[in-house]
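# A structural walkthrough
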Amino acid sequence: MQAQLLWRTLPSLVLGLLFLSMPAMGSCSDKYPELLGQLQKQADFMQHTNTLLDLYIRSQGLDKNGLKEHCRERPGAFPSKDALQRLSRRVFLRTLDTTLGQVLLRLAALEQDIPKAQDLEMLSGVKLNIRGFKNNIHCMAQLLPGSSETTEPTPTSPGASPSPTPTLDTFQRRLEGCRFLHGYHRFMRSVGQVFREWGKSLSRSRRHSPHQGLLKGARRMQLSGRNKRLMPRVQLAPGSHRGAPGG
Amino acid sequence: MLTLKIWIVQALFIFFTTESVGELLDPCGYIKPESPIVQLGSNFTAVCVLKEKCMDYFHVNANYIFWKTNHVTIPKEQYTIINKTASSVTFTDISLLNIQLTCNIRTFGQIDQNVYGIRIISGLPPEKPTNLSCIVNEGKKMMCQWDPGRETYLETNFTLKSEWATEKFADCKTKRDTPTSCTVDYSPVYFVNIEVWVEAENALGKVTSDHINFDPVDKVKPSPPHNLSVSNSEELSSILKLTWINSSIQGFIGLKYNIQYRTRDASTWSQIPPEDTASTRYSFTVQDLKPFTEYVFRIRCMKEDGKGFWSDWSEEASGITYEDRPSKAPSFWYKIEPSHTHGYRSVQLIWKTLPPFEANGKILDYEVTLTRWKSRLQNYTVNDTKWTVNITNDRYIATLTARNLVGKSNAAVLTIPAYDFQATRPVTDLKAFPKDNMLWVEWTAPNESVNKYILEWCVLSDKAPCIQDWQQEDGTVHRTYLRGNLAESKCYLITVTPVYADGPGSTESIKAYLKQAPPSKGPTVRTKKVGKNEAVLEWDQLPVDVQNGFIRNYTIFYRTIIGNETAVNVDSSHTEYTLSSLTSDTLYMVRMAAYTDEGGKDGPEFTFTTPKFAQGEIEAIVVPVCLAFLLTTLLGVLFCFNKRDLIKKHIWPNVPDPSKSHIAQWSPHTPPRHNFNSKDQMYSDGNFTDVSVVEIEAANDKKPFPEDLKSLDLFKKEKISTEGHSSGIGGSSCMSSSRPSISSSDENESAQNTSGTVQYSTVVHSGYRHQVPSVQVFSRSESTQPLLDSEERPEDLQLVDNIDSSVGNLPRQQYFKQNCSQHETSPDISHFERSKQVSSVNEEDFVRLKQQISDISQPYGSGQMKMFQEISVADAFGPRTEGQVERFETVGMEAAIDEGMPKSYLPQTVRRGGYMPQ
């Protein structure tokens, strides 16, 4: 049990250390709604298969002879929507960051199978977008109080199997890559839905009291109030209505 | 072995060469700092350090150092001797950008030697870049730009830096040609805030701009919507539907739009209210458009929250709204034309095509109805805009409608009055004026209700007929502009006709110009009358084609050749002007300019000369002078007439009448044959025998006597003979005047005074009854009249002998010469006429003379007659004797006496048998 707890807390600790250990570079936005909106839009954008999967299928020749039908997500490769919804915000962010990190690694592996420079350029753009998404996760984690404390378990992430087994032949490898990317887009769709729920809860809390709502949300996220230095930053957010994107 | 030697030699050569060159290139010292870059306005110190070896060689130290900048020695006040080998120089407030500084020493007391030199570069550190902004053109990479600040005079590098919270991007270094902007190498990542700033760096420092943090999606300039299309609706003629395709950015962001539209021929755009297009959409329906009108549209977009930049405008797309029924009735008017059919009139109905915004579609045709008073209506369909019909002299009502695909317009109604209709009620205060490049017409409406106004206009020209254009205005309008293609500098005759319910009213007219200009030609001035001190100028009005405006006034410029020009303004209504105070007998140059509101134009120059005298001035002088002369002459004549006796006494004393001389009385048998009036009395006691008296009345020009001819002969003879023949007793006046004075002046004068009447007294010695006296005796007359030359020189009388035979051929030239002698007192013409008269008269007289001679001779018997004949023959063929001449003369004188000349004393010759002593 203790080992399980350690197993669960270790990634969080690592992630927290990772966040804290990042060099002081460009500052994150201190506007929670704005940042939430950015994350939501990014997820909405990245869920579209035309941003990555379609490119891969086309580049690998999987768009012929009904091969596309075989490109289905392998179950368990990415956390399900339900699993994500059950996670606390901090763990969710952590899981999201870890998963996207695994995706980047896998994309680097898939990159070797994409011959066209144009497609490579697009893939490079996708990777940059994922890195940007991870940047926003980092910033959101900065806004959330008690970022270093969590007891929640981290769901299984694709990091467990970042790359297909080397024994697979090329076709199987391509098909596996296709399935992975399929799971990636589905995962991003689920992430977008989670962030949308975050946005709804923010709207509800605003209607009651901007300050209290945010605090309640923070409590519901089972975060301690130790990191009080972030509170004023969050409290500044309601002052700006313009950034709240509608559903 | 040989190879080794060669190698050694070469090595030694190289060694020594290198050593010597090194010695030559090795400077005596150096300057610190080596390559200084200093800030403008700051202080700078340079130190020159001499090498010991050099100091020893040249026997110098730091005291011998002197500095130069740009070859100019720096004052020693700026030097500082640091030690034996080092000397420094300090500059304060450096202002030059580039300074060449050299360290020099003076060797051997007189030779300046350069030790070392450096170049000081001056400049400024970079200023903090400001106004940093970035833009993300859709589909392209992010570009940022900034203001670099002041000029640094140094090479300054600008670096655009960017980073996320978790990642740093590669620096963007500016290019040399675009030092104030930079485009990053990476694609923008939307929805991730990025921090951007600029670093400016040069040799004097580095400075960083303010950091800006933004989401690149808020800096997006989207691509404009494309495939814009326009479609209309048959149901609604006032709408057009736009559709378009948004740019791909709309997958990330919401968009708002600007939609602008205009009619095809308009230049300004109208815009759809922004609030109607504030969200992402793909189509929009524009309402409240005009039917059957072509509209042009364009669209642009930007991020709907207003962050970022507007896209460029899309390509324009156009569409035409659907047709609607004509919204207005056409303008409708008529013209009456003379008709050859009695009782009918030819009426031309005219109308204007509806403008597109009133036609609301394509006009297919027009429907005209014509209704005579209380009669049936007649319909006509016309495709043209005019229709001519013969109607009776009754009153008619005409209507006109325009028809398009959708429907008909309202009807325009026009009343054509009866033939004998008298138009009244005109508009008043009609004015026309140009404004904003249009010709406006304004009037005051009549008191009664007016249905509409008809404005007609045409160009007035001397060369072309007045072709009228027209337009219609509503009855409520009292000011409008002429909607025709009007030209500048043309005179328009504008008429306004109010149209009442019962027909047209009276017409009012006015002339106007859209824009005036100076006349094309100036007026041609000429003189109507020129006086001594004034001239009446006249000119013609300029033709309307060259006026180019209303002639406001004329200016007459006139001058003499040397005088200043004088200008006189004349009202434009005049065509005549009198220039006064002119100088007589002077050439004047005059020209004339006509002026409109926009300027004038000179006409051709005209010259005239004023006369020296005014009209009648000469007459006023000459007439009185002539009158005075005549008066004087008259008085003189009267005086002479009154004093004629006295004058005669002094100038022309009476010559005693030989017939009354004592000789005559001395011969008691000689009866007085003639009554010589006063002479008879004067010389009643005179006694002469054989005295013949010749008295020539020279004054009587009209009736010359043979004595004249005799004197002519004498004159001729005188001419022939040598000069110096003067009797001293008498002579002709002619001779006296032409001869070079042998006779004394008194004699000449006397001769001249007696030129009018000359009396001759000749005592002819004659024998009694054909007895020739042995001695010729002269009896002196009491007369003081000198005798003729012929009397003194009988040989001269030979010429007279020929009279009988050559009377008809009397040399006229000689006679003229005699007259010529009178030239001094008479005009030539009168001489000539007179000579002719005399000549003709003489011929007649000689004929008569011959007759008289024959008459006289008959009583004396045929013997005498025979004698005359013999004389004539003798004259013609033989030498003449004195006696013969004397006889001839006597006969001639007697003949003349018979003619009864009262004032002439013809020579009386006492002949043998002819003088009968009593």
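Residues numbered from 1 in each chain as written. Chains lettered and ligands numbered in written order. Predicted model: local features only at pLDDT ≥ 70, side-chain atom pairs only at ≥ 80, totals over all residues. Heavy atoms only, no water.

### Examining the overall build of chain B
Counted only if it meets this: Helix and strand definitions follow DSSP, with helices as H or I runs of at least four residues and strands as E runs of at least two, each counted in order from the N terminus. Any residue under 20% of the maximum accessible area for its type is buried, any over 50% is exposed, and the rest in between are partly exposed; the area is computed with a 1.4 Å probe on protein chains only. Contacts are assigned to residue pairs that have any heavy atoms within 4.5 Å of one another.
Broken down by element type, chain B carries 18 helices and 50 strands. When burial is assessed residue by residue, chain B has 42% of its 918 residues classed as buried. Considering only contacts within chain B whose residues lie at least 6 apart along the sequence, 64% involve residues at least 24 apart.

### A look at the overall build of chain A
If you tally the helices and strands in chain A, you get 9 helices and 0 strands. Ordered by position from N to C terminus, the α and β elements of chain A give α-α-α-α-α-α-α-α-α. Within chain A, the fraction of its 247 residues that count as buried is 49%. Taking all contacts inside chain A whose residues are at least 6 apart in sequence as the whole, residues at least 24 apart take part in 88%.

### Topic: the state of the cysteines
Residue and element names in this part refer to chain B. Selection rule: Here, a disulfide means two cysteine sulfur atoms that sit within 2.5 Å of each other.
Counted by the stated rule, this structure contains 7 disulfides over all chains. Bridging Cys-458 to Cys-466, the disulfide has an S-S length of 1.4 Å. For Cys-466, a relative accessible area of 37% corresponds to the partly exposed category. Numbered by position along the chain, the disulfide-linked cysteines of chain B connect as 1-3, 2-4, 5-6, 7-8, 9-10. For chain A, the bonded cysteines pair up as 1-3, 2-4 when numbered in the order they occur along the sequence.

### Notes on the sheet that holds strand 3 (residues 44-50) of chain B
All names here are of chain B. Going by this rule: Pairing between two strands is assigned when DSSP locates at least 2 bridges connecting them. Note on method: axes are straight lines fitted to C-alpha atoms, helices fitted across the in-contact stretch only, with angles between N-to-C directions ranging 0 to 180 degrees.
Taken together, the 4 strands give an open sheet; going across it, the order is 1-3-7-6, and neighbouring strands pair in antiparallel fashion. Among the strands making up the open sheet, the edge pair consists of strand 1 (29-32) and strand 6 (79-81). Across this sheet, the average inter-strand angle for adjacent strands is 20°, counted without regard to direction. One ladder, built from 6 bridges, connects strand 3 with strand 7 (residues 86-91); its direction is antiparallel.

### Re the pattern of salt bridges
What counts here: Every case where a carboxyl oxygen of Asp or Glu lies within 4 Å of a side-chain nitrogen of Lys or Arg is listed as a salt bridge.
Applying the stated criterion across every chain, the model contains 37 salt bridges over all chains. Its salt-bridge partner being Arg-196 of chain A, residue Asp-44 of chain A comes within 2.8 Å of it at the nearest N-O pair. Note that Asp-44 of chain A is positioned in helix 2 (residues 32-46) and Arg-196 of chain A in helix 7 (residues 170-208), a separation of 152 residues in sequence. The partly exposed category is assigned to Arg-196 of chain A, whose relative accessible area is 28%. Where Arg-483 of chain B meets Glu-473 of chain B, a salt bridge forms, and the shortest distance between an N and an O atom there is 2.8 Å. Residue Arg-483 of chain B is found in the loop between strand 37 (479-481) and strand 38 (491-500), and its partner Glu-473 of chain B is found in strand 36 (residues 469-474); the two are separated by 10 residues along the sequence. Its relative accessible area of 8% is what places Glu-473 of chain B among the buried residues.

### Brief notes about the pairing of strand 21 (residues 255-263) of chain B
All names here are of chain B. Strand 21 sits mainly inside the fold: 8 of its 9 residues count as buried. As judged from the 9 bridges shared by strand 21 and strand 24 (residues 294-303), these two strands associate in the antiparallel manner. Its bridge partner lying in strand 24, Gln-260 is registered against Arg-298. The pairing of strand 21 with strand 22 (residues 270-271) spans 2 bridges and is classified as antiparallel.

### Looking at unusual backbone geometry
Residue and element names in this part refer to chain B. Across the junction of Lys-32 and Pro-33, the peptide omega takes the value 0°, indicating a cis bond. Inspection of the secondary structure puts Pro-33 in the loop between strand 1 and strand 2 (37-39). Phi is positive for Asp-93, close to 55°, though the residue is something other than glycine. Its place among the elements puts Asp-93 in the loop between strand 7 and strand 8 (98-107).

### Quick word on the packing of aromatic side chains
What counts, and what does not: Think of it this way: a Phe, Tyr or Trp ring, Trp meaning its six-membered ring, pairs with another when their centres are within 6.5 Å, and the plane angle makes it stacked under 30 degrees, edge-to-face over 60, tilted otherwise. Charge over a ring is defined by NZ of Lys or CZ of Arg lying within 6 Å of the ring centre and within 35 degrees of the ring normal.
Counting across every chain of the model gives 28 aromatic pairs over all chains. One aromatic cluster is present, formed by Phe-45 of chain A together with Tyr-190, Phe-191 and Phe-252 of chain B through successive ring pairs. The aromatic ring of Phe-214 of chain B is capped on one face by Lys-219 of chain B, whose charged end is 5.5 Å from the ring centroid. Over the ring of Trp-313 of chain B we find Arg-298 of chain B; its NZ or CZ atom is 4.2 Å from the centre of that ring.

### Some thoughts on the environment of Asn-447 of chain B
In this structure, Asn-447 of chain B sits in the loop between strand 34 (438-444) and strand 35 (452-460). As a C-alpha pair, Asn-447 of chain B and Pro-426 of chain B span 21 residues in sequence and 9.9 Å in three-dimensional space.

### Section: the confidence of the model for chain A
Worth spelling out the cut-off: Scored between 0 and 100, pLDDT is the confidence that the predictor attaches to each residue.
Of all residues in chain A, 64% have pLDDT values of 70 or greater, and the mean over the chain is 72. Here residues 149-153 of chain A is a poorly scored stretch, pLDDT under 50, and it has 19 contacts once near neighbours within four places are set aside; other chains count.

### Details of the confidence of the model for chain B
Residue and element names in this part refer to chain B. When pLDDT is averaged across chain B, the result is 76; 69% of the residues are at 70 or more. With pLDDT under 50 throughout, residues 672-783 is counted as low confidence; its partners more than four residues away or in other chains account for 281 contacts. Low confidence marks residues 852-918, where pLDDT is under 50. Its contacts with residues over four positions away, or in another chain, come to 131 contacts. Interface confidence for the predicted complex, given as ipTM, is 0.77, next to a pTM of 0.56.

### Considering the interface of chain B and chain A
What counts, and what does not: When two parts are brought into contact, each loses some accessible area as probed by a 1.4 Å sphere; the total of that loss over both is the buried area. Definition of a polar contact: a pair of N or O atoms within 3.5 Å, with one able to donate and the other able to accept a hydrogen when the atoms are protein atoms, and with sequence-neighbouring residues admitted only if both atoms are side-chain atoms. Basically, the charged four are Asp, Glu, Lys and Arg, the nonpolar ten are Ala, Val, Leu, Ile, Met, Phe, Trp, Tyr, Cys and Pro, and anything else, Gly included, counts as polar.
Between chain B and chain A, the contact holds 19 residues from the first and 22 residues from the second. Surface buried jointly by chain B and chain A totals about 1700 Å² across both partners, of which 56% is contributed by carbon and sulfur atoms. Taken as a group, Ala-165, Thr-166 and Phe-191 of chain B account for 34% of the area that chain B buries against chain A, more than any other trio of residues on that side. Salt-bridge contacts for Arg-131 of chain A lead to Glu-167 of chain B; the nearest nitrogen and oxygen are separated by 2.3 Å. Remark: the boundary between chain B and chain A carries 8 residue pairs in polar contact (both at pLDDT 80 or more). Within the side of chain B that touches chain A, the residues separate by chemical class into 9 nonpolar, 4 polar and 6 charged.

### Describing the sheet that holds strand 45 (residues 576-579) of chain B
Residues and elements named next belong to chain B. One open sheet holds the 3 strands; their spatial order is 41-42-45, and the pairing between them is antiparallel. The sheet is open, and its two borders are formed by strand 41 (525-530) and strand 45, each paired with just one other strand. Across the sheet, the mean angle separating the axes of adjacent strands is 30° when strand polarity is ignored. Inspection of the sheet shows strand 41 paired to strand 42 (residues 535-539) by 5 bridges, in the antiparallel sense. Paired with Arg-526 across the bridge in strand 42 is Glu-538.

### Observations concerning the packing of helix 5 (residues 89-110) of chain A against helix 6 (residues 117-143) of chain A
What describes two packed helices is the angle between their axes and the distance between those same axes. Residue and element names in this part refer to chain A. How we decide: The labels follow the angle: roughly parallel below 35 degrees, roughly antiparallel above 145, roughly perpendicular from 65 to 115, and oblique for the rest. Note on convention: the crossing is left-handed when the near helix lies turned anticlockwise from the far helix by less than a right angle, right-handed when the turn is clockwise.
Relative orientation of the contacting elements helix 5 and helix 6 amounts to 160°, with a least axis distance of 10 Å. Regarding the angle of helix 5 to helix 6, the classification is roughly antiparallel. Between helix 5 and helix 6 the crossing geometry is left-handed. Contact residues: helix 5 offers Arg-90, Leu-93, Leu-96, Asp-97, Leu-100, Gly-101, Val-103, Leu-104 and Leu-107, while helix 6 offers Leu-123, Val-126, Lys-127, Ile-130, Arg-131, Phe-133, Lys-134, Ile-137, Met-140 and Ala-141. Across the contact of helix 5 with helix 6, the residue classes break down as 13 nonpolar, 1 polar and 5 charged.

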